[in-house]
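Chains, contacts and geometry: an overview
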Amino acid sequence: DSGVTQTPKHLITATGQRVTLRCSPRSGDLSVYWYQQSLDQGLQFLIQYYNGEERAKGNILERFSAQQFPDLHSELNLSSLELGDSALYFCASSVAGLNTGELFFGEGSRLTVL
Amino acid sequence: AQKITQTQPGMFVQEKEAVTLDCTYDTSDQSYGLFWYKQPSSGEMIFLIYQGSYDEQNATEGRYSLNFQKARKSANLVISASQLGDSAMYFCAMRERYSGGGADGLTFGKGTHLIIQP
């Protein structure tokens, strides 16, 4: 158990809809990272938050947004969903920025868009 | 250019044999970390082993060892005495301190699908 909790584990929805994925980082971890894993693109970094502030953006679509709340949990919002958004979405956390230690991954949220 | 290159999309290995999974990386940072993760068919990312760029000794964790050759920018994973349960996707990843464009998360390779045969 990594200590990172993601909900829901599985989600099936239709094109055009909006979903919210939730992540609770390990206790004490200030940094939260979101990754998307699809068959054709592999593991892609989407966005990072550090202590409530957006730190960096990766390959995140404009239809996607995220935030980190004062209690450090994070949400990834995916809107106007398309078939290609079907993927496994991971959240990871680490103690602080600018270090090279381990990231702890949640079990992922598997999104299927029909 | 790819930051992490895994040249073996798939490998078949006999049970009990040793396995080497290749990984090369590219960074201009002096301080960085190299990781290997295992992803079984159930999907979770399981941390296996970590090597810091300043670590002089190769990292080992049970049956896993990391063959770190800094000058060659190589960080191969060695699994000794492979088991059927080792069948999974294996990802090499790097965490840079300064060259991530502001992000300090992991950059992943495309993975190697390892299948252990009885």
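Quick note: structure is the one above.
Everything in this summary refers to the structure shown in the same document. Quantities reported herein were computed from a predicted structural model and do not represent experimental measurements.

About the thresholds
- Residues numbered from 1 in each chain as written.
- Chains lettered and ligands numbered in written order.
- Predicted model: local features only at pLDDT ≥ 70, side-chain atom pairs only at ≥ 80, totals over all residues.
- Heavy atoms only, no water.
- Salt bridge = Lys/Arg side-chain N within 4 Å of Asp/Glu carboxyl O.
- Helix = DSSP H or I, 4+ residues; strand = E, 2+ residues; numbered from the N terminus.
- Buried < 20%, exposed > 50% of the residue type's maximum accessible area, 1.4 Å probe, protein only.
- Contact = heavy atoms within 4.5 Å.
- Disulfide = S-S within 2.5 Å.
- Pairing = 2+ DSSP bridges.
- Axes fitted to C-alpha atoms, helices over the stretch in contact; angles between N-to-C directions.

Observations regarding the pattern of salt bridges
Residues and elements named next belong to chain A. Scanning the model with the defined rule gives seven salt bridges over all chains in all. Of the charged contacts, one joins Lys 9 and Glu 107 as a salt bridge, the two residues approaching to 3.6 Å between their closest N and O atoms. With Lys 9 in the loop between strand E1 (5–7) and strand E2 (10–13) and Glu 107 in the loop between strand E10 (104–105) and strand E11 (109–113), the pair connects residues that are 98 residues apart, well separated along the chain. For Lys 9, a relative accessible area of 47% corresponds to the partly exposed category. Ionic pairing is found between Arg 63 and Asp 85, a salt bridge with its closest N-O pair at 2.8 Å. Here the residue Arg 63 occupies a position in the loop between strand E6 (53–57) and strand E7 (64–68), and Asp 85 occupies one in the loop between strand E8 (74–78) and strand E9 (87–94), the gap between them amounting to 22 residues. There is no split in this pair, since Arg 63 and Asp 85 are both buried. Beyond isolated ion pairs, a larger network of salt bridges with shared partners links Arg 63, Glu 82 and Asp 85.

Thoughts on the environment of Leu 84 of chain B
Residues and elements named next belong to chain B. Mapped onto the elements of the fold, Leu 84 is located in the loop between strand E9 (74–79) and strand E10 (88–96). Remark: the alpha-carbon pair of Leu 84 and Leu 106, spanning 22 residues in sequence, is separated by 28 Å. Apart from the residues within four sequence positions on either side, Leu 84 is in contact with Glu 15, Ile 116, Gln 117 and Pro 118.

Observations regarding the state of the cysteines
All names here are of chain A. In the structure shown here, the tally under the stated rule is two disulfides over all chains. At a sulfur-sulfur separation of 1.8 Å, the disulfide partner of Cys 23 is Cys 91. Between Cys 23 and Cys 91, the disulfide has an S-S torsion of -55 degrees and is therefore left-handed. Here the residue Cys 23 occupies a position in strand E3 (residues 19–24), and Cys 91 occupies one in strand E9, the gap between them amounting to 68 residues. A relative accessible area of 0% means that Cys 23 is categorised as buried.

Brief notes about the side chain of Thr 13 of chain A
Residue and element names in this part refer to chain A. Within the secondary structure, Thr 13 sits in strand E2. Judged by its relative accessible area of 16%, Thr 13 is buried. Ignoring sequence-local partners within four residues, the contact set of Thr 13 consists of Val 19, Leu 81, Leu 111, Thr 112, Val 113 and Leu 114.

Observations regarding the sheet that holds E3 of chain A
All names here are of chain A. Read across the open sheet, the four strands follow the order E1-E3-E8-E7; overall the sheet is antiparallel. Every other strand in the sheet has two partners, leaving E1 and E7 as the edge strands with one partner each. Strand-to-strand twist in this sheet, taken as the mean axis angle between neighbours without regard to direction, amounts to 15 degrees. Summarising the sheet, E1 and E3 pair through three bridges and their orientation is antiparallel. Residue pairing in the sheet places Gln 6 in a bridge with Cys 23 of E3.

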